[in-house]
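# Report on the structure
The primary structure of each chain is shown beneath.
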Amino acid sequence: MQNSGVIVEDDSEHFSSASNNNPIQTSMPYFGVSKEICEHDYNQLKVPVFQCQWVNGNTGVHRDQMGFTLVDLNKVAYKEEPLIIAE
(Lines give C-alpha, C1' and ligand atoms only; values in the text may rest on other atoms or scores of the structure.)
Protein backbone atom coordinates (compact mmCIF):
# COMPACT_ATOMS: atom_id res chain seq x y z
CA MET A 1 0.00 0.00 0.00
CA GLN A 2 1.31 3.44 -0.88
CA ASN A 3 1.07 6.30 1.60
CA SER A 4 -0.26 9.38 -0.17
CA GLY A 5 -1.52 11.26 2.88
CA VAL A 6 -0.90 15.00 3.12
CA ILE A 7 -0.96 17.38 6.08
CA VAL A 8 -0.51 21.15 5.88
CA GLU A 9 -0.13 23.33 8.99
CA ASP A 10 -1.63 26.81 8.53
CA ASP A 11 -0.23 29.43 10.90
CA SER A 12 -2.18 32.68 11.04
CA GLU A 13 -3.26 35.56 13.25
CA HIS A 14 -6.89 35.89 14.32
CA PHE A 15 -8.83 38.66 16.06
CA SER A 16 -11.78 37.99 18.33
CA SER A 17 -13.62 41.12 17.10
CA ALA A 18 -13.19 44.12 14.77
CA SER A 19 -12.26 46.34 17.73
CA ASN A 20 -9.67 43.91 19.14
CA ASN A 21 -6.06 45.03 18.57
CA ASN A 22 -4.46 41.93 20.12
CA PRO A 23 -4.24 39.13 17.57
CA ILE A 24 -3.66 35.57 18.66
CA GLN A 25 -1.46 33.11 16.76
CA THR A 26 -3.22 29.92 15.77
CA SER A 27 -2.20 26.82 13.89
CA MET A 28 -4.73 24.70 12.03
CA PRO A 29 -3.88 21.38 10.39
CA TYR A 30 -5.45 20.41 7.07
CA PHE A 31 -5.52 16.69 6.18
CA GLY A 32 -5.98 15.12 2.77
CA VAL A 33 -4.72 12.70 0.18
CA SER A 34 -2.57 13.45 -2.86
CA LYS A 35 -4.39 12.73 -6.13
CA GLU A 36 -1.86 14.01 -8.67
CA ILE A 37 1.62 15.53 -8.73
CA CYS A 38 2.31 18.11 -11.44
CA GLU A 39 5.33 20.17 -12.35
CA HIS A 40 4.88 23.75 -13.54
CA ASP A 41 7.76 24.72 -15.83
CA TYR A 42 8.69 28.43 -15.83
CA ASN A 43 11.78 28.04 -18.09
CA GLN A 44 14.55 28.25 -15.44
CA LEU A 45 12.26 27.42 -12.52
CA LYS A 46 10.31 24.18 -12.12
CA VAL A 47 7.72 24.06 -9.34
CA PRO A 48 6.25 20.73 -8.15
CA VAL A 49 2.57 21.02 -7.17
CA PHE A 50 0.29 18.53 -5.41
CA GLN A 51 -3.37 18.28 -6.30
CA CYS A 52 -5.09 17.08 -3.13
CA GLN A 53 -8.48 15.93 -1.95
CA TRP A 54 -8.94 17.67 1.41
CA VAL A 55 -10.93 16.40 4.38
CA ASN A 56 -13.42 18.49 6.33
CA GLY A 57 -11.57 19.35 9.54
CA ASN A 58 -14.80 19.66 11.57
CA THR A 59 -16.41 16.33 10.69
CA GLY A 60 -13.68 14.18 9.14
CA VAL A 61 -10.81 14.40 11.66
CA HIS A 62 -10.90 12.89 15.15
CA ARG A 63 -8.48 11.73 17.86
CA ASP A 64 -8.95 8.29 19.35
CA GLN A 65 -8.41 7.29 22.98
CA MET A 66 -4.73 6.54 22.30
CA GLY A 67 -4.14 10.01 20.79
CA PHE A 68 -3.95 8.88 17.15
CA THR A 69 -5.45 11.17 14.52
CA LEU A 70 -8.15 9.41 12.49
CA VAL A 71 -9.01 10.91 9.09
CA ASP A 72 -12.22 9.96 7.25
CA LEU A 73 -11.36 10.45 3.56
CA ASN A 74 -15.07 10.32 2.65
CA LYS A 75 -15.66 13.72 4.34
CA VAL A 76 -14.40 15.82 1.41
CA ALA A 77 -14.13 19.63 1.69
CA TYR A 78 -12.26 22.64 0.27
CA LYS A 79 -12.83 21.48 -3.32
CA GLU A 80 -12.15 25.00 -4.62
CA GLU A 81 -8.55 24.94 -3.30
CA PRO A 82 -7.03 21.58 -4.30
CA LEU A 83 -3.42 22.68 -4.97
CA ILE A 84 -0.39 23.07 -2.71
CA ILE A 85 3.23 23.72 -3.57
CA ALA A 86 5.48 20.81 -2.72
CA GLU A 87 8.00 21.45 0.03
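This write-up is about the structure you can find in this document. All residue numbers refer to position in the chain's written sequence, counted from 1. For a predicted model such as this one, the threshold for reporting local features is a pLDDT of at least 70, and the threshold for listing and counting side-chain atom pairs is 80 or more; totals across whole chains, interfaces and linings nevertheless cover every residue. For side-chain calculations, the full set of non-hydrogen atoms in the structure is used, while hydrogens and water are omitted.

Check the secondary structure of the protein chain and you find 0 helices and 7 strands. Each helix and strand of the protein chain, placed in order from N terminus to C terminus, yields the pattern β-β-β-β-β-β-β. Rg of the C-alpha trace for the protein chain: 16 Å, well past the compact-globule value of 12 Å for 87 residues, more than 25% over. The principal-axis extent of the C-alpha atoms belonging to the protein chain is close to 45 × 40 × 20 Å. Residues count as neighbours in contact if any of their non-hydrogen atoms are within 4.5 Å of one another. Pairs at least 24 residues apart make up 34% of the contacts formed inside the protein chain by residues separated by at least 6 positions. For the protein chain, the computed accessible surface area is about 7200 Å², with 50% contributed by carbon and sulfur atoms. Note on charges: Lys and Arg go in the positive column, Asp and Glu in the negative column, and His and the chain ends are not counted at all. To locate a charge, take atom NZ for lysine, CZ for arginine, CG for aspartate or CD for glutamate. Side-chain charges of the protein chain comprise 5 positive and 12 negative groups, with the mean position of each set lying 9 Å from the other. Going along the chain from the N terminus, every DSSP run of H or I of four or more residues is numbered as a helix, and every run of E of two or more is numbered as a strand. With the radius of gyration taken over C-alpha atoms, the globule rule is written as 2.2 Å times the number of residues to the power 0.38. Note on areas: Shrake-Rupley with a 1.4 Å probe; residue coverage comes only from the protein chains shown.

Among the surface-exposed residues, Met 66, Phe 68 and Leu 70 lie close enough to one another that they form a single nonpolar patch of about 370 Å² accessible area. Tracing the backbone through its elements, the reader meets Leu 70 in strand S5 (residues 69-71). Patches draw on residues past 30% relative accessible area with no salt bridge. Two like charges within 9 Å are joined, as are two nonpolar side chains (Val, Leu, Ile, Met, Phe, Trp, Tyr) within 5 Å. Take a side-chain nitrogen of Lys or Arg and a carboxyl oxygen of Asp or Glu: if they are within 4 Å of each other, that pair is a salt bridge.

Moving on: the pairing of strand S3 (residues 45-55). Along any regular strand, the residues point their side chains to alternate faces of the sheet. Two strands make a pair as long as DSSP finds a minimum of two bridges between them. Sheet topology places strand S2 (residues 24-42) next to S3; 10 bridges connect them, and they run antiparallel. If you follow Ser 34 over to S3, its bridge partner there is Cys 52. Counted between consecutive antiparallel strands, the loop separating S2 from S3 contains 2 residues, among which Asn 43 sits at a positive phi close to 60 degrees. Where S3 lies against strand S7 (residues 83-85), 3 bridges are found, and the strand directions are antiparallel. When the bridges of S7 are listed, Gln 51 appears paired with Leu 83. Here 2 bridges tie S3 to strand S6 (residues 76-77), and the two strands are oriented antiparallel to one another.

This next bit is on the environment of Leu 83. As for its placement among the helices and strands, Leu 83 is situated in strand S7. Linking Leu 83 and Gln 51, residues 32 residues apart in sequence, is a C-alpha distance of 4.6 Å. The contact partners of Leu 83, leaving out residues within four places of it in the chain, are Val 49, Phe 50 and Gln 51.

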